[in-house]
Amino acid sequence: MISDGLKTEFDRDGYIALPGLLSGSEVDALCAEATAIATGERGEVLGAEELAGRGEAALAKVLAIHFPHKASPLMRGTLFHPRIVEVLEALVGPDVKAMQSMLFVKNAGKPGQAWHQDEHYIPTRDRSLIGVWIALDDATIDNGCLWMHPGSHRHGIIWPTRAHGDPRFDNGEEAHAFPYEREGGVPVEIGRGGVAFFNGYTLHRSLDNKRASGYRRALVNHYMSARSMLPWAFGLPPTPRDDFRDIVMVAGEDPYAYKGLADITFPFVRPEDPAQAMNVFGRAAAFAAKRSA
């Protein structure tokens, strides 16, 4: 069981990093699965049309695969990994649901993400959002590991965002106006198979991969307490009464099971080219709107 000390650390800092939660063979299988998804071996994946048949080289053109759990039974099964669920039950349980998965590739020379808070993108009613960041390669300072501002979740504030124009980061906006140094923070270096858990309000970022070769792959799944409704709809404007029901229960009971489940999200690839990425996002949002109508 997760110790009281780790729970205290999470509540204080807004994150914890636990080494070796996944075995080497489990990580190998996830890496192979990422290539299979990107090249169409797991069925139709929006944005992957031009990558099909290129094998491992296809990943070099990809920044991220969104909702891989919708394409791959292995990725979906990882949502339920017993060592991860045990931690989630202690941090946000007893009833826990997942709503999103993303697999970041970050090939050598590719950008990271500027300071942001996940709750800015996936707003919950009870502030229970938690990101689970699974290292599929050793994540180090030079290849773009996570950085955190410890304790930043305790403000309970979603900070404003703006364009950054910084080549170290992708074209996502950067949070600002918070009481921390922009170039400050604490690096979270973690070995292959290690897992970082962080609160949805915690300010975090990753820098670019400065190595001459090699990936810094990470599978990131998002969870929250199932006792709260989720006013989020991927690609669609939420309303206060919305309860996003395209979820996966991983622990406990679903108090809102009477509402049934939805099938709105779908796997898609975010290419490294910004123009291509915007095109894919636009197509994905339109497709999601159609499926939720």
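In the block above lies the structure referred to throughout.
So, here is what we can say about the structure in this document.

Thresholds, definitions, all that
Residues numbered from 1 in each chain as written. Predicted model: local features only at pLDDT ≥ 70, side-chain atom pairs only at ≥ 80, totals over all residues. Heavy atoms only, no water. Helix = DSSP H or I, 4+ residues; strand = E, 2+ residues; numbered from the N terminus. Rg over C-alpha atoms; globule rule 2.2 N^0.38 Å. Buried < 20%, exposed > 50% of the residue type's maximum accessible area, 1.4 Å probe, protein only. Contact = heavy atoms within 4.5 Å. Areas by Shrake-Rupley, 256 points an atom, 1.4 Å probe, with all protein chains shown as cover. Pairing = 2+ DSSP bridges. Axes fitted to C-alpha atoms, helices over the stretch in contact; angles between N-to-C directions. Phe/Tyr/Trp six-rings, centres within 6.5 Å; stacked < 30°, edge-to-face > 60°. Arc of directions from axis to C-beta. Salt bridge = Lys/Arg side-chain N within 4 Å of Asp/Glu carboxyl O.

Let us look at the overall build of the chain. Along the chain, the regular secondary structure elements total six helices and 14 strands. Its C-alpha atoms give the chain a radius of gyration of 18 Å, within 12% of the compact-globule value 19 Å for 293 residues. Along the three orthogonal principal directions, the C-alpha set of the chain runs to about 45 × 45 × 40 Å. Burial status across the chain gives 55% buried among its 293 residues. Considering only contacts within the chain whose residues lie at least 6 apart along the sequence, 82% involve residues at least 24 apart. A total accessible area of about 12300 Å² is found for the chain, and carbon and sulfur atoms account for 54% of it.

Once that is clear, we can look at the sheet that holds strand β6 (residues 146-148). The strand order β4-β11-β6-β9 describes an open sheet built from four strands, whose pairing is antiparallel. Since the sheet does not close on itself, it has two edges, and those belong to β4 (113-116) and β9 (186-188), each with one partner. Taken pair by pair, the neighbouring strands of this sheet meet at an average axis angle of 25 degrees, ignoring direction. Bridge analysis of β6 against strand β11 (residues 204-206) gives three bridges, and the strand direction is antiparallel. Directly across from Met 148, in β11, lies its bridge partner His 204.

Attention now moves to the packing of aromatic side chains. Scanning the model with the defined rule gives five aromatic pairs in all. Relative to Phe 178, the ring of Trp 115 lies with its centre 6.5 Å away and its plane at 75 degrees, an arrangement referred to as edge-to-face. Residue Trp 115 is found in strand β4, and its partner Phe 178 is found in the loop between β8 (174-175) and β9; the two are separated by 63 residues along the sequence. Pairing Phe 266 with Phe 268 gives two aromatic rings, centres 6.1 Å apart and planes at 50 degrees, and the pair type is tilted. Residue class for Phe 266 comes out buried when judged on its relative accessible area of 5%.

Another point: helix α4 (residues 82-92). Here α4 has its buried residues at Ile 84, Val 85, Val 87, Leu 88, Leu 91 and Val 92. Burial along α4 is one-sided: seen end-on, the buried residues are contained in an arc of 160 degrees.

Considering all chains together, one arrives at 19 salt bridges under this definition. A salt bridge links Arg 12 to Asp 13; the nearest nitrogen and oxygen atoms lie 2.8 Å apart. Under the relative-accessibility criterion, Arg 12 is labelled partly exposed at 45%. In this structure, Asp 246 and Lys 70 form a salt bridge, with 2.9 Å as the shortest nitrogen-oxygen distance. A residue pair is termed long-range when its members are at least 10 positions apart, and Asp 246 in the loop between β12 (218-225) and β13 (248-251) and Lys 70 in the loop between β2 (62-66) and α3 (73-78) qualify at 176 residues.

Cis geometry is found at the peptide bond from Gly 93 to Pro 94, where omega equals 10 degrees. Note on placement: Pro 94 falls in the loop between α4 and β3 (96-104). Even without being glycine, Arg 127 reaches a positive phi, approximately 60 degrees. By secondary structure assignment, the location of Arg 127 is in the loop between α5 (118-121) and β5 (130-135). One non-glycine residue, Ala 177, lies in the positive phi region at around 70 degrees. Inspection of the secondary structure assignment puts Ala 177 in the loop between β8 and β9. Residue classification places Ala 177 among the exposed residues on the basis of a relative accessible area of 54%.

Moving on to the side chain of Asn 221. For Asn 221, the location among the structural elements is in strand β12. Note on Asn 221: relative accessible area 0%, which makes it buried.

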